[in-house]
Amino acid sequence: MENQVVILAVGLLMGLLIILCVCILGYCLWRRKGQSQYQEFTSTLPLFPECTAPVLQVSQGSRPRCDEIPFTVPPRFEPRSPSALAGQGQGRSDGMEADGQRDILAHRGSLCVRSWYPMGTLLEGLYRGPALEQVAPPPGPAPRLCFAVEYRRCSEQLTVSLLRLGNLPPCFHGNVTLVELQLLPDDRRPRQARARGPGPDPELAECFVFQVSAVCVSESTLSVCVLSVAPQRKRRVVGRVLYPLEGQLGASGRVLWRDLETDTYTQCSELGDVQVSMNYSPSLRRLTLGVVRARGLQLLSDTGVFSQVSLQRHTQVVKTKRSSVVSCGGADPHLDHRMTFKLPPQHLDEACVRLELKQPHPMSPECAAVLGVVVLGPFMYARGPQLQHWLDMVNPTQEPVKQWHGLGRCL
């Protein structure tokens, strides 16, 4: 019995000694590892030789070309000890300028400039805009826009440069002039540029880049709308330019002048014109259309005129509304009809509005003769001023947009 107790005691003692040795060995390894982490880090930066003058050439015997700009590293600053500065200052004169310069260097951390080192050259051609041909504006008093279009097939980028405006009406000279640019039919949000300075010929000097494939660029239309913002924040449309890109990309790099299509033209269409006001509220999902007045109508009798408006989605008529008959004393009646339609925002690209001006038959009031038709909608249904009016309707200010439209024949 006593032998078993002795053996057990010896075993416990040996186990404790082994555990103590393991703990001591682990502690020593941990201390050695901690000391190795705090070793001084040696810099791997290459050492450059000092030079007395800035180096501008990249390699000896070769000078940079005219389209290259030498690129060098800024000077390196080396901290110097106050004792070195004191020793250097003893060799100088005791004048006021030397003392002041020494005090400034000591106050700023004792920095001394070393040398400049060449790194390469910058190709100036990569940072230049397209070289545009300067073309004089065409004669005439019409307001116009100067711009340039260039398409790069390798990167599939369409670059539109807005240069300047010309012959703005005098009523817009004191206002802020804005230009909204869109690439129809895919671009929903217009890109905006602001003219630099008032006057009849303000400069724009803005460049916009559109990422569009070579297949779609020929089917696109560039839409430019010029706006005038009064001091009361009221926006008025000065004019528009619709520039189809189909077949026009061969003239890349040339400056183009296009007259603005204004809304106050006096020449009526064959069947007459109608002034339409449109407003859309995304929060209420409501489209408001007003038929303000008409001019140059080809009336058939003296029975009056009324308007009929249909909201269509694809080929389906969603809603049709009709106004009351207004007696007209001439070919320019004032209608003042206002109608509202429910239209969700996700259906703005799928819906259109069809407006018809009709005249009741003198013998049968149920029958009516169609005087003219106009369709307002997105690119799927309309082109030209009708398309631009639909795009202007969806604006952040939610203000009514008025515009004249020529009446067409009923198909």
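None of these values were measured; they are calculated from a predicted model.

**A short note on the overall build of the chain**
Secondary structure assignment for the chain yields five helices and 20 strands. Considering only residue pairs separated by 6 or more positions, the chain has 66% of its internal contacts joining residues 24 or more positions apart.

**Some thoughts on the confidence of the model for the chain**
One rule of thumb: low pLDDT means the predicted coordinates there are not for detailed reading. Summarising the model, the chain shows a mean pLDDT of 76, and 70% of its residues fall at 70 or more. Across the chain, element-level confidence peaks in strand E15 (residues 306-313) with a mean pLDDT of 93 and bottoms out in strand E3 (residues 111-113) with 43. A low-confidence stretch, residues 51-64 stays under pLDDT 50, and its non-local contacts, those more than four residues away or across chains, total 15 contacts. Predicted confidence for residues 100-115 stays below pLDDT 50, and this span has 31 contacts to residues more than four positions away or in other chains.

**So, the layout of surface pockets**
Roughly 160 Å³ of internal volume is contained in the second largest pocket. Lining of the second largest pocket is provided by Val 176, Leu 178, Arg 194, Val 229, Ala 230, Pro 231, Arg 233 and Arg 235. Taken together, the residues of the lining of the second largest pocket break down into five nonpolar, no polar and three charged.

**Structural notes on the sheet that holds strand E6 (residues 157-166)**
The antiparallel open sheet is built from four strands, whose spatial order is E9-E6-E5-E12. Each of the sheet's edge strands pairs with one partner strand only, and the pair in question is strand E9 (203-211) and strand E12 (255-259). Taking the axes of each pair of neighbouring strands and ignoring which way they run, one obtains an average angle of 25 degrees across the sheet.

**Thoughts on the state of the cysteines**
Counted according to the given criterion, the structure contains zero disulfides. The thiol sulfur of Cys 21 is not disulfide-bonded, and the nearest other cysteine sulfur, from Cys 23, lies at 9.2 Å.

**Considering the pattern of salt bridges**
Evaluation of the coordinates by the stated rule reveals seven salt bridges. Within this structure, Arg 354, Glu 356 and Lys 358 form a network of salt bridges that share partners.

**Details of the sheet that holds strand E17 (residues 334-342)**
In spatial order, the strands read E17-E14-E13-E20; together these four strands make up an open sheet with antiparallel pairing. Two strands close off the open sheet at either side, each with one partner strand: E17 and strand E20 (401-406). For this sheet, the mean inter-axis angle between neighbouring strands, taken without regard to orientation, is 25 degrees. Most of the contacts of helix H5 (residues 384-393) go to E20, to which it runs at about 165 degrees, and overall it touches strand E13 (273-281), strand E14 (286-295) and E20.

**Overview of the side chain of His 405**
The residue His 405 is located in strand E20 in this model. Within polar-contact distance, the side chain of His 405 engages the side chain of His 389 at 2.8 Å.

**Re a nonpolar patch on the surface**
Taken together, the side chains of Val 6, Val 10, Leu 13, Met 14 and Leu 17 make up a nonpolar region of the molecular surface, amounting to roughly 470 Å² of accessible area. A relative accessible area of 51% means that Leu 13 is categorised as exposed.

**A closer look at a positive patch on the surface**
Side chains of Lys 234, Arg 236, Arg 293, Arg 338 and Lys 402 sit close together on the surface and give a patch of like positive charge. Within the fold, Lys 234 resides in the loop between strand E10 (221-229) and strand E11 (235-244).

**Regarding unusual backbone geometry**
Located in the positive-phi region is Glu 156, a residue other than glycine, with phi close to 55 degrees. Classification of Glu 156 as partly exposed rests on a relative accessible area of 35%. Phi angles above zero are rare outside glycine, and Asn 167 is one such case at about 60 degrees. Looking at the secondary structure, you find Asn 167 in the loop between E6 and strand E7 (176-184). Among the residues examined, Asn 167 registers a relative accessible area of 28% and is labelled partly exposed.

Rules and cut-offs
Residues numbered from 1 in each chain as written. Predicted model: local features only at pLDDT ≥ 70, side-chain atom pairs only at ≥ 80, totals over all residues. Heavy atoms only, no water. Helix = DSSP H or I, 4+ residues; strand = E, 2+ residues; numbered from the N terminus. Contact = heavy atoms within 4.5 Å. pLDDT = per-residue confidence, 0-100. 1 Å grid on protein atoms, 1.4 Å probe; cavity = no way out; pocket = protein on both sides within 12 Å on 5 of 7 lines; lining within 4 Å. Points joined across faces, edges and corners; volume = space filled by probe spheres on them. Nonpolar A, V, L, I, M, F, W, Y, C, P; charged D, E, K, R; others polar. Pairing = 2+ DSSP bridges. Axes fitted to C-alpha atoms, helices over the stretch in contact; angles between N-to-C directions. Disulfide = S-S within 2.5 Å. Salt bridge = Lys/Arg side-chain N within 4 Å of Asp/Glu carboxyl O. Polar contact = N/O pair within 3.5 Å; in protein donor to acceptor, adjacent residues only side chain to side chain. Patch = residues over 30% accessible without salt bridge, like charges linked within 9 Å, V, L, I, M, F, W, Y side chains within 5 Å. Areas by Shrake-Rupley, 256 points an atom, 1.4 Å probe, with all protein chains shown as cover. Buried < 20%, exposed > 50% of the residue type's maximum accessible area, 1.4 Å probe, protein only. Lys, Arg positive; Asp, Glu negative; His and termini not counted. Charge placed at Lys NZ, Arg CZ, Asp CG, Glu CD.

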